[in-house]
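These are the residues of each chain, in order.
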Amino acid sequence: MATTKPSSASSRSSSARSSRLSFTKKELGDLRQTLSLEREQLERQLETIEENSFAASRSDLSGEVAFDDETADAGTATFERERDLSIENNVRDLMQKIDRAVGRMDAGTYGICARCGKPIEKARVKALPYVDLCIKDAQAQARR
Ligand SMILES: [Zn+2]
């Protein structure tokens, strides 16, 4: 089936480039607020995780533990700490994305795809205010 792809030929329209920011000041203000609220939540989440792992490591240190009983527990604790770590990494990652999004707001490049330079779909930005890739590029990245 050697049919030509119709999408690639028509993708180069000059209008996408000139319409830079399609967000109103009000929308940007709302999004900025959403981002800062989200960031606060993430910070709290991070604090909780850190408190938990601190408590866990303290209880590890304090115990002169009998090995037979404790091996299973230690395994669980390690598992939980690793799970916490991966959550922590996700949270930190998200916080960085939020910080970068706020930075892009200040720079006036908010809502522009970091890869192709076209405006990101507005509905997408409103659902995920920290995104810096359009749907197409995000899907392309996820597929790798
Ligand atoms: Zn893109």
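Owing to the predicted nature of the structure, the values given are computational and were not obtained by experimental measurement.

Conventions adopted
- Residues numbered from 1 in each chain as written.
- Predicted model: local features only at pLDDT ≥ 70, side-chain atom pairs only at ≥ 80, totals over all residues.
- Heavy atoms only, no water.
- Helix = DSSP H or I, 4+ residues; strand = E, 2+ residues; numbered from the N terminus.
- Contact = heavy atoms within 4.5 Å.
- Areas by Shrake-Rupley, 256 points an atom, 1.4 Å probe, with all protein chains shown as cover.
- 1 Å grid on protein atoms, 1.4 Å probe; cavity = no way out; pocket = protein on both sides within 12 Å on 5 of 7 lines; lining within 4 Å.
- Points joined across faces, edges and corners; volume = space filled by probe spheres on them.
- Nonpolar A, V, L, I, M, F, W, Y, C, P; charged D, E, K, R; others polar.
- Donors = N, O, S within 2.8 Å, 3.2 Å for Na, K, Ca; no water.
- Tetrahedral: all angles 85-135°; square planar, octahedral: opposite > 155°, others 65-115°.
- Buried < 20%, exposed > 50% of the residue type's maximum accessible area, 1.4 Å probe, protein only.
- Core = buried A, V, L, I, M, F, W, Y, C linked by side-chain atoms within 4.5 Å.
- Phe/Tyr/Trp six-rings, centres within 6.5 Å; stacked < 30°, edge-to-face > 60°.
- Polar contact = N/O pair within 3.5 Å; in protein donor to acceptor, adjacent residues only side chain to side chain.
- pLDDT = per-residue confidence, 0-100.

## Structural notes on the overall build of the protein chain
When helices and strands are counted, the protein chain shows six helices and zero strands. Going from the N terminus to the C terminus, the protein chain shows its helices and strands as α-α-α-α-α-α. Put simply, 66% of the contacts in the protein chain that link residues at least 6 apart link residues at least 24 apart. Counting every atom, the protein chain has about 10700 Å² of accessible surface; 52% of that belongs to carbon and sulfur.

## Details of the layout of surface pockets
Size it by volume and the largest pocket reaches roughly 170 Å³. Of all the secondary-structure elements, those providing two or more residues to the lining of the largest pocket are α4 (67–107) and α6 (135–143). Ranked by residues supplied to the lining of the largest pocket, first place goes to α6 with three residues. For the lining of the largest pocket, the class distribution of residues is five nonpolar, one polar and four charged.

## Focus: the coordination of the zinc ion
On the protein side, the zinc ion has C113 (SG), C116 (SG), C134 (SG) and D137 (OD) as donor atoms, found 1.8 to 2.3 Å from it. Note that the zinc ion binds four donor atoms; their angles at the metal cover 102 to 117°, and the shape is tetrahedral. The class of C113 is buried, set by a relative accessible area of 3%. Using a relative accessible area of 34% as the deciding quantity, one classes C116 as partly exposed.

## Topic: the nonpolar core
Core analysis: the largest hydrophobic core is formed by 19 residues, its most contacted members being F23, L31, L35, M105, Y110, I120 and V125. At the level of secondary structure, the elements contributing two or more residues to this core comprise α3 (25–62) and α4. Apart from residues no more than four positions distant in its own chain, V125 is found in contact with F23, L31, Y110, I120 and V131.

## Section: the packing of aromatic side chains
Taken as a whole, this structure holds one aromatic pair when the rule is applied. Arranged with centres 5.9 Å apart and planes meeting at 50°, the rings of F23 and Y110 form a pair that is tilted. Of this pair, F23 sits in the loop between α2 (15–18) and α3 while Y110 sits in the loop between α4 and α5 (122–127), and the two are 87 residues apart along the sequence. Here F23 falls in the buried class, since its relative accessible area comes to 9%. Classification of Y110 as buried rests on a relative accessible area of 1%.

## Overview of the side chain of E27
Secondary-structure assignment places E27 in helix α3. On the basis of relative accessibility, which here comes to 16%, the residue E27 falls in the buried class. A polar contact is formed between the side chain of E27 and the side chain of K126, at a distance of 2.9 Å. If we skip the residues at most four places from it in the chain, E27 touches S22, K122 and K126.

## Considering the confidence of the model for the protein chain
Of all residues in the protein chain, 76% attain a pLDDT of 70 or more, and the chain-wide mean is 81. Here residues 7–19 is a poorly scored stretch, pLDDT under 50, and it has four contacts once near neighbours within four places are set aside; other chains count.

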